[in-house]
Each structure stands twice: as C-alpha cells, then as structure tokens.
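# Descriptive analysis of the structure
Each chain is listed here by its residues.
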Amino acid sequence: MLKLDTGFLDSFISSHELNHIEPGLNEVFSQLTNRTCPGNDFLGWLDLPFTAEFDGIEEVAEEIRSHAEQFVMIGIGGSYLGARATIEFLSPYFKKNKPEILYLGHHLSPDYTHELIHHIDPAKLYVNVISKSGTTTEPGVAFRLLEAQMASQLDSKELGKRIIATTDKSSGALVHNAKQKGYRRFVIQDDVGGRFSVLTPVGLLPIAVAGLDIRELVSGARDMAQYLNEHTSLEKNPAWLYAAIRFILYQKGKRVEVLSSFEPAFHYVAEWWKQLFGESEGKDGKGLFPSSADFSTDLHSLGQYIQDGYRHLFETFIMIDEPRHRVAIPGNEENLDNLNYLADKDMAEANYQAFRGTALAHHDGGVPNLTITLPGRNEYYLGQLFYFFEMSVALSGLLLGVNPFDQPGVESYKQNMFALLGHPDYADRTRELQKRFKTI
Ligand code: PA5
C-alpha cells in the first residue's frame, strides 16, 4: 500500500488543526459517497475500479500489437494524460515499444504535426482518436489530417480496421463520423469526466497497446478504493489526511503545491496530477496552483526558488521504495573525482539521500513538505496512486467549497479561439475581439 509521511509538516500544522478539520472531512466524504455533493452527476469514477471492463479492449489491443508498427493516440487533457502518464511511467526507458506509441492532438503545433505525419507509415499504422465531446478542436484537426493521410493510401475496409474511436455514447461529431465510416468504437460513460477517465477505454486501450497490464492497474485502484472506503478517519485514511493538509496549508496562505519526484519516469504522472488538481479546484477565485518538479534535474534550476523564493509554496514528494534495478557506484584507484566515499554504494541510496537532504533543506527554508511513497514502479501501485489522488482531490475540492467535477473555465479560451478563427456561430464575438485587439 502507498504510504503518506508527514514528518516535515510538524512545525507548520499542529495535530489540533488536523483534529479540527476531521468533522468537515467526514461530512464531505458522506456527501461524496451518498452522491449528494455538487457535481454528483460526474461520480462514475468512484465505481470504475469495480466495474472497469477489459473484454474487447484486450482483444483490440492484442490485434494492434500484432499488426501495427506504429500507434497514434489522438486526444487532449483528460483524453490523453492518463494514458501517457501510465505508458511513460511504466515502460522501460530505452527499449523501443512495438508498436511505437505516438501522441497527436494535444496542441496545434504545425511543426510537430508535419514531422509526425512524415514519420508515420499509414500501411503500418493504427490510430485511436479519443474525444468525449467529439468537438474539441485540437484532436479534431489532428484526426482530420491523419484520416486523410490514411485514406489516401488505404481502402475503406482497411481504414475501418485501423481507426478506433473512443467517444461519448451518442452525441458529438466524432460519434457520427465513426458510425458513418464504420470505425470500431469504445464508449466513455456519461458520468465520468475526462480527468477521471484513465480507468475507462480512454486510458485502458492505449495502455494495453503499450503492453502494460490493465487488470493490475485496475486491481491497484480497487484495493485503494476499498481501503479508503473502509477507513474513515484522518489517522487511517491517507486521502483524508492529504486533503486536510492541503486545505490547512491553503488557509495559512500557501498558494502553490509542487509535486516533486526523483524518478524521471514520473514526469507525465505529474502532468496528469496537475490537470486533475488544477481543473478540479481552480475555480471561483480559489484553489492551490499545482506545479511539478523533476529532481535532481530541477534542483539545479527551480531548486533555488523553492529553497529561498517567495514563501507561498508547499511540496509533495513522490518516492518509489524499490527501484527496478540496482546500480553500484564503482571505486576508482586514482580517485581524481574525489568520489571514492561513494564506492560500492547503490545509486538508489544516493538518490534516497538526495531526497532526504532536499526534504530537510526545503523544510528549513520554510516549505512544508510531505511524502507519498510507492512500494514499486508497476501497474498495481500506479493504480493505487491514481485512485488515491482522485479521492483526495474530490475531498479537497469539496472542503474548499467548489464543484470539483466541472471545468467551466476551460471554455473561455475556446470561445475566443473559435471567434478568432472565424467560426460561423461566433460572428459577433469575432467583431468584438477584433476591436479589442486593435486597442491593445
Ligand atoms: O477533464 C476534462 O474534461 C478535459 O480535460 C477534457 O478531457 C479535454 O478537454 C478533452 O475533451 P474531449 O474528450 O471532449 O475532447
């Protein structure tokens, strides 16, 4: 089971403050589990560890793995980050995946898109286009390009085999396109929002295509869900404790949470976490800003600010107890680099002491910090972590008094972009924005 260690919070949060918040947590947990909280039409994620389906997904993934040299996953936000986080966290660093996994539709970069299109071979390619709304511009444009490229080289039967759409049950342009062209389809259930959808076909199909064990991932989430449901106290429930700590630190003026890890593979899990917490809590003028750091790399860039800059930060470390490999640091007779004091030590020990030294230094510099430790880097513990964070953000958002399951703010940029690109439904806004640009 993942562990939460609060040792470096002692001088920032008292046990009295934690006890004071426990009744509030009890209340929001009841609202969540009785499904009476704000946003209660988006609570399907609570059940996913128990209801996730594998049949169909595993067969299609196996077909893709045996026929494709390349696999492009098209999606953005919640229709992208969970799968990428899992694949990048769990795949070996330097072994090439077969199929090669490529990502498109998560931005509008012409250079990236051009280079990807020239990198792929439509004859060896499968595509999974993922969009719940079916109307998101970035993946829509990406799919239009890729579909045209494939259609220029493959007949419609072959195209129907190579394109798989993950969509809403019945609405949105992608559903209609898929139905009309006979693409195979997986459905995202109505009551699961994008950022909570990693355990639906949105995440599970690409993860299975990468050769990872989706049953283990879900099993980790299930054990975590069961544990959190059965242990309803701050002392025993790490999600309650994490939510409480975040809320108290926010009340004390902290505005930024930095999620820091000492394992580079964690990078995209932090990206997933940033979306989960940023979109769930950042509304109504409230919320902690979620940011992340990759250590030791960022200790030599952001480290200065964290140690010594404006004191509005707290930090959550993620550590992995057991690395997959052991690397002994060699001795050297000449010792010209003066590193013989490390001879025969394992790199994991050096990495762990780098973490301890950092946690202590940041604490002493006025940055409260806590540590989440995963016993290992595998599907099962990542599943636990996903569910732990989902439960934590739900509780934390409800404590903050926001609806953690909507994202109204994401619409603003979209409407401006539609207007500026000349979308026919936005003519008035187009005129209004053009005037404003002239005055700036
Ligand atoms: O969490 C969310 O709901 C968003 O991040 C969406 O997942 C993202 O905007 C993509 O939306 P869609 O799947 O409709 O294309």
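Below, the structure is looked at part by part. All values derive from a computational prediction rather than experimental measurement.

## As for the nonpolar core
- Ranked by size, the top nonpolar core spans 102 residues in total, and within it Leu25, Leu32, Trp45, Leu385, Phe389 and Met391 carry the most contacts.
- Looking at this core, the element that brings in the most residues is helix 15 (residues 379-400), giving 14 residues.
- Split by domain, the residues of this core number at least three in each of domain 1 (3-35 + 217-400) and domain 2 (48-212).
- Apart from the residues lying within four places of it in its own chain, the contact partners of methionine 391 are Phe29, Leu32, Trp45, Leu46, Leu228, Asn229 and Ala239.

## A look at the environment of leucine 433
- Within the element layout of this structure, leucine 433 appears in helix 17 (residues 427-439).
- Residue classification places leucine 433 among the buried residues on the basis of a relative accessible area of 6%.
- The spacing of leucine 433 and leucine 420 is 13 residues in sequence and 7.4 Å in space, taken between C-alpha atoms.
- The residues contacting leucine 433, other than those within four sequence positions of it, are Asn416, Ala419 and Leu420.

## Concerning the sheet that holds strand 10 (residues 369-376)
- A sheet is described by the order of its strands in space; here 5 strands give the open sequence 1-10-9-7-8, paired in mixed fashion. Among the strands making up the open sheet, the edge pair consists of strand 1 (3-5) and strand 8 (289-294). Here the average twist between neighbouring strands, direction ignored, is 25 degrees.
- Summarising the sheet, strand 1 and strand 10 pair through 3 bridges and their orientation is antiparallel. In the strand pairing of strand 10, aspartate 5 is matched with threonine 371.

## Structural notes on unusual backbone geometry
- Omega for the bond connecting lysine 98 with proline 99 falls within 30 degrees of zero, at 0 degrees, which places this linkage in the cis form.
- Here proline 99 shows up in the loop between helix 4 (81-90) and strand 3 (100-104).
- Cis rather than trans, the peptide bond between phenylalanine 295 and serine 296 has omega equal to 5 degrees.
- The residue serine 296 is located in the loop between strand 8 and helix 13 (303-308) in this model.
- Positive phi, close to 50 degrees, is recorded for asparagine 335, a residue that is not glycine.
- The phi torsion at asparagine 338 lies on the positive side, around 60 degrees, for a residue other than glycine.

Here is what the cut-offs are and how they apply
Residues numbered from 1 in each chain as written. Predicted model: local features only at pLDDT ≥ 70, side-chain atom pairs only at ≥ 80, totals over all residues. Heavy atoms only, no water. Core = buried A, V, L, I, M, F, W, Y, C linked by side-chain atoms within 4.5 Å. Buried < 20%, exposed > 50% of the residue type's maximum accessible area, 1.4 Å probe, protein only. Helix = DSSP H or I, 4+ residues; strand = E, 2+ residues; numbered from the N terminus. Domains from an automatic or database assignment. Contact = heavy atoms within 4.5 Å. Pairing = 2+ DSSP bridges. Axes fitted to C-alpha atoms, helices over the stretch in contact; angles between N-to-C directions.

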